[in-house]
Amino acid sequence: MDLKIAVLPGDGIGPEISEQGVAVMTAVCEKFGHNVSYEYAICGADAIDKVGDPFPEETFKTCMEADAVLFSAVGDPKFDNDPTAKVRPEQGLLAMRKKLGLFANIRPVETFDCLIHKSPLKDELVRGADFICIRELTGGMYFGEKYQDNDKAYDTNAYTRHEVERILEVAYKYAAQRRKHLTVVDKANVLASSRLWRQVAKEIAAKYPEIETDYMFVDNAAMRMIQDPKFFDVMVTENTFGDILTDEGSCITGSMGLLPSASTGEHTPVFEPIHGSWPQAKGKNIANPLAQILSVAMLFEYFNLKEEGALIRKAVNASLDANVRTPEIQVEGSAHYGTKEVGAWIVDYVKNN
Ligand code: IPM
Ligand code: MN
């Protein structure tokens, strides 16, 4: 297969983990005979510094012309600490989502047995937890009408039937391939937008009698996720709730640095780690490249290249078992491995297995 990949390394640790993602992707393509090419583009604070725009037109064009985008991270503290900044790196991410029509954000919450002890939850609660959060990504408060003056401000949580229908269809597709259990998360007891979600969900649920659908208020869902994470199989929710719940989800697994994600929709799909740009670690060769590498696995799986994805997952598990780990998950007394060394180990594994 021919694969044209747009690579957006971004800020902070982004370029370092990006390099490892690309190296693993190249090794897998060589092994399976795929013809891959890379087109690099700027975004985030890096692009603000260079051209004054966190998602320049040129980058958009590169993304549109590619088969997939391998994205790393954006964000820089110099903008976080300046409330008067006119442009922010995060706006680049939002612009990318909107312009590429990436309405479905797929965030798997998986546990790795050897990292369960890092979870803040009890072992028996979290071991075996495995669910996917499908977060709506181009609607709701993030993109609704906004207003701000010195005395008043608002964000509008607007959704159309079409937006709700298409994300629910994605969620049912995932549920059908998994344990056939979908939880629709909303706040229909208070919010009109949530009542539309629930109404549409009930209509669509009728089309999928083989899938068990339940409806849960978001406050309850946040609680259930820590009381009984194994309850969930596929969860679908609106943009803001999904943002909050997926941070919660990633931390209960004990391995935030290991979770990848996919964003899909109308144009080129984007694959990225769920963690941020960790500016304090920039250039130190300590960031965990596994979430980025697993994003490459999701990329292959998106194109139905299952064996390629499976090999990457096997390599990641093998690296963890061999204690080839970056400092935050290093086993006491074992050798030191940095971002580069973990990436290189996985490349070797791919070549030799
Ligand atoms: C995420 C991030 C973004 C979001 C930020 C960086 C704009 O937190 O991808 O979850 O809020 O969507
Ligand atoms: Mn978030």
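Fair warning: this is a prediction, and the values are worked out from it, not measured in the lab. (Residues numbered from 1 in each chain as written. Chains lettered and ligands numbered in written order. Predicted model: local features only at pLDDT ≥ 70, side-chain atom pairs only at ≥ 80, totals over all residues. Heavy atoms only, no water.)

Visitor: An account of the overall build of the chain is requested, with residue identities and associated values reported.
Guide: Summing up its helical and strand segments, the chain has 13 helices and 12 strands in all. In terms of C-alpha radius of gyration, the chain reaches 20 Å, essentially the compact-globule figure of 20 Å for 353 residues. Each principal axis of the C-alpha distribution contributes one length, and for the chain these read about 55 × 50 × 40 Å. Looking at the chain as a whole, 55% of its 353 residues qualify as buried. Summed over all atoms, the accessible surface of the chain reaches about 15,300 Å², with 52% contributed by carbon and sulfur. Averaged over its 38 positive side-chain charges, the chain has a centre that lies 2 Å from the centre of its 52 negative ones. (Helix = DSSP H or I, 4+ residues; strand = E, 2+ residues; numbered from the N terminus. Rg over C-alpha atoms; globule rule 2.2 N^0.38 Å. Buried < 20%, exposed > 50% of the residue type's maximum accessible area, 1.4 Å probe, protein only. Areas by Shrake-Rupley, 256 points an atom, 1.4 Å probe, with all protein chains shown as cover. Lys, Arg positive; Asp, Glu negative; His and termini not counted. Charge placed at Lys NZ, Arg CZ, Asp CG, Glu CD.)

Visitor: Describe the site of ligand 1, listing the residues and the values that go with them.
Guide: Around ligand 1, the neighbouring residues are Glu90, Leu93, Arg97, Arg107, Arg135, Tyr142 and Asp243. Side-chain polar atom of Tyr142 to an oxygen atom of ligand 1: 2.6 Å apart, as the coordinates give it. Among the cavities detected, the one that contains ligand 1 is the second largest pocket. Looking at the shell around ligand 1 residue by residue, the classes come out as two nonpolar, no polar and five charged. (Near = heavy atom within 4 Å. Polar contact = N/O pair within 3.5 Å; in protein donor to acceptor, adjacent residues only side chain to side chain. 1 Å grid on protein atoms, 1.4 Å probe; cavity = no way out; pocket = protein on both sides within 12 Å on 5 of 7 lines; lining within 4 Å. Sits in = over half its atoms within 2 Å of the grid points. Nonpolar A, V, L, I, M, F, W, Y, C, P; charged D, E, K, R; others polar.)

Visitor: Lay out the layout of surface pockets in plain terms, naming residues and giving numbers.
Guide: In this structure, the largest pocket occupies an estimated 650 Å³ of space. For the lining of the largest pocket, the element with the highest residue contribution is helix α7 (residues 161-177), accounting for four residues. Among the residues forming the lining of the largest pocket, the class breakdown is 10 nonpolar, three polar and seven charged. Around the second largest pocket sit 23 residues that line it, and Leu93, Arg97, Ile274, His275 and Gly276 are the ones nearest its centre. The set of elements that each furnish at least two residues to the lining of the second largest pocket consists of β3 (68-73), α5 (89-99), α10 (239-252) and β12 (270-273). Ranked by residues supplied to the lining of the second largest pocket, first place goes to α5 with four residues. When grouped by side-chain class, the residues that make up the lining of the second largest pocket number eight nonpolar, six polar and nine charged. (Points joined across faces, edges and corners; volume = space filled by probe spheres on them.)

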